[in-house]
Amino acid sequence: MLPLLHYNISNHTTAFTTTREGGVSIGNYSAFNVNPYCGDKPEHVAINRQQLCNELHIKASHLIIPHQNHGSHHVNVDANFLRMPAEKQNVLTNGADALITTQLNTAICISTADCVPILIYDRTHHAAAAIHAGWRGTVKRIAQHTLKAMHNTFGTQPTDCQAVIGPSISIDNFEVGDEVYEAFNKARFDMKLIARRQDKWHIDLWQCNSIQLQEQGIPSDNIHIAGICTFQNYKQYFSARRLGTSSGRLLTGIILR
């Protein structure tokens, strides 16, 4: 049994984040990395992916992982998408940082190793989203763009949604240069709420994304922050700042049942 971190969003979903435990990868990818884009051995990734699909009781072809690029583009994983060959799916999801779906027994996932993973579930339309919010995506308000896409595609109302902000780097450990602070400031975020000055600036990505979700209409009581810092807990959760970019990635996903 894989030691997944599970989120109790609904009895009709499986929402999770992987840890570093349970797989066959080695070195800075050890041991459970399922991301094929970070330099791990393909044969190890394949074994880990199949193990995850077995744990989640889904087809291997229904584990959808985009090749992210810190943007705000989303892809709708619909029935037509699932009928496509894997090569075409990979082309469509290349550069996507958010996935949305209403398809059952399909894991829409994003990869992180300090960036913020966000899951959204719309209980009325039985729709879901998985969002990768690095600092650049957060500045671009990817969480809000994705909620708007869910509204346009499925009719989602934010008041009907539950959201999870998964393991990622905390404000204590997310030290940034002045240029990153200015990027948030120019994007008109309330810096008094999301930033503090120590030797350098520190940004609270958890709070910043929670505020975005609330501004879009999700009630604060419906937003769960895992509160797990990947930098601090790098032995259990991958952290690019601690391990380097040539290391494994966490997978955060949601499955509609």
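Residues numbered from 1 in each chain as written. Predicted model: local features only at pLDDT ≥ 70, side-chain atom pairs only at ≥ 80, totals over all residues. Heavy atoms only, no water.

### A short note on the overall build of the protein
Working step 1: When helices and strands are counted, the protein shows 9 helices and 14 strands.
Working step 2: The C-alpha radius of gyration computed for the protein amounts to 17 Å, which stays within 12% of the reference 18 Å derived for 257 residues, consistent with globular compactness.
Working step 3: The principal-axis extent of the C-alpha atoms belonging to the protein is close to 45 × 45 × 30 Å.
Working step 4: Taking contacts inside the protein between residues at least 6 apart in sequence as the whole, the part at least 24 apart equals 69%.
Working step 5: One way to put it: in the protein the 22 positive side-chain charges average out to a point 3 Å from where the 20 negative ones average out. (Helix = DSSP H or I, 4+ residues; strand = E, 2+ residues; numbered from the N terminus. Rg over C-alpha atoms; globule rule 2.2 N^0.38 Å. Contact = heavy atoms within 4.5 Å. Lys, Arg positive; Asp, Glu negative; His and termini not counted. Charge placed at Lys NZ, Arg CZ, Asp CG, Glu CD.)

### Some thoughts on the sheet that holds strand 8 (residues 127-133)
Working step 1: Taken in spatial order, the 6 strands of this open sheet run 4-5-8-7-9-13, and their pairing is mixed. In this open sheet, the two edge strands, each paired with only one partner strand, are strand 4 (74-76) and strand 13 (223-225). On average, each strand axis in the sheet is inclined to that of its neighbour by 15°, with strand direction left out of account.
Working step 2: Looking at chain direction, strand 7 (residues 116-122) and strand 9 (residues 161-165) are connected through 5 bridges and run antiparallel. If you follow Leu 119 over to strand 9, its bridge partner there is Val 164.
Working step 3: Contacts between helix 8 (residues 205-216) and the sheet are confined to strand 7, strand 8, strand 9 and strand 13, with strand 7 contributing the most and set at about 25° to the helix. (Pairing = 2+ DSSP bridges. Axes fitted to C-alpha atoms, helices over the stretch in contact; angles between N-to-C directions.)

### Digging into unusual backbone geometry
Working step 1: Omega for the peptide link from Ser 30 to Ala 31 comes to -5°, which places this bond in the cis form.
Working step 2: With phi around 60°, His 57 is a residue other than glycine that occupies positive phi space.
Working step 3: With respect to the secondary-structure elements, His 57 resides in the loop between helix 1 (42-56) and strand 3 (63-64).
Working step 4: In this model, Asp 114 sits at a positive phi of 125°, which is unusual for a non-glycine residue.
Working step 5: Mapped onto the elements, Asp 114 comes out in the loop between strand 6 (107-112) and strand 7.
Working step 6: Given a relative accessible area of 7%, Asp 114 falls into the buried group. (Buried < 20%, exposed > 50% of the residue type's maximum accessible area, 1.4 Å probe, protein only.)

### As for the packing of aromatic side chains
Working step 1: Overall, the coordinates contain 3 aromatic pairs when judged by the stated rule.
Working step 2: Between Trp 135 and Phe 184 the ring centres are 6.4 Å apart and the planes differ by 40°, which places this aromatic pair in the tilted class. With Trp 135 in helix 4 (residues 135-139) and Phe 184 in helix 6 (residues 178-186), this residue pair connects regions lying 49 residues apart in the sequence.
Working step 3: For Trp 135, a relative accessible area of 22% corresponds to the partly exposed category.
Working step 4: Note on Phe 184: relative accessible area 0%, which makes it buried. (Phe/Tyr/Trp six-rings, centres within 6.5 Å; stacked < 30°, edge-to-face > 60°.)

### What to know about the sheet that holds strand 11 (residues 195-197)
Working step 1: The strand order 10-12-11 describes an open sheet built from 3 strands, whose pairing is antiparallel. Each of the sheet's edge strands pairs with one partner strand only, and the pair in question is strand 10 (175-176) and strand 11.
Working step 2: Sheet contacts for helix 6: strand 10, strand 11 and strand 12 (201-203); angle to strand 12, the most-contacted strand, approximately 50°.

### Comments concerning the packing of helix 5 (residues 142-154) against helix 8
Working step 1: At a minimum axis distance of 8 Å, the contact between helix 5 and helix 8 shows a crossing angle of 35°. As helix 5 runs across helix 8, the sense of the crossing is right-handed. For the pair helix 5 and helix 8, the contacting residues are Ile 142, Ala 143, Gln 144, Leu 147 and Lys 148 in the first and Asn 209, Gln 212, Leu 213, Glu 215 and Gln 216 in the second.
Working step 2: Taken together, the residues that form the contact of helix 5 with helix 8 break down as 4 nonpolar, 4 polar and 2 charged. (Left-handed = near helix turned anticlockwise from the far one by under 90°. Nonpolar A, V, L, I, M, F, W, Y, C, P; charged D, E, K, R; others polar.)

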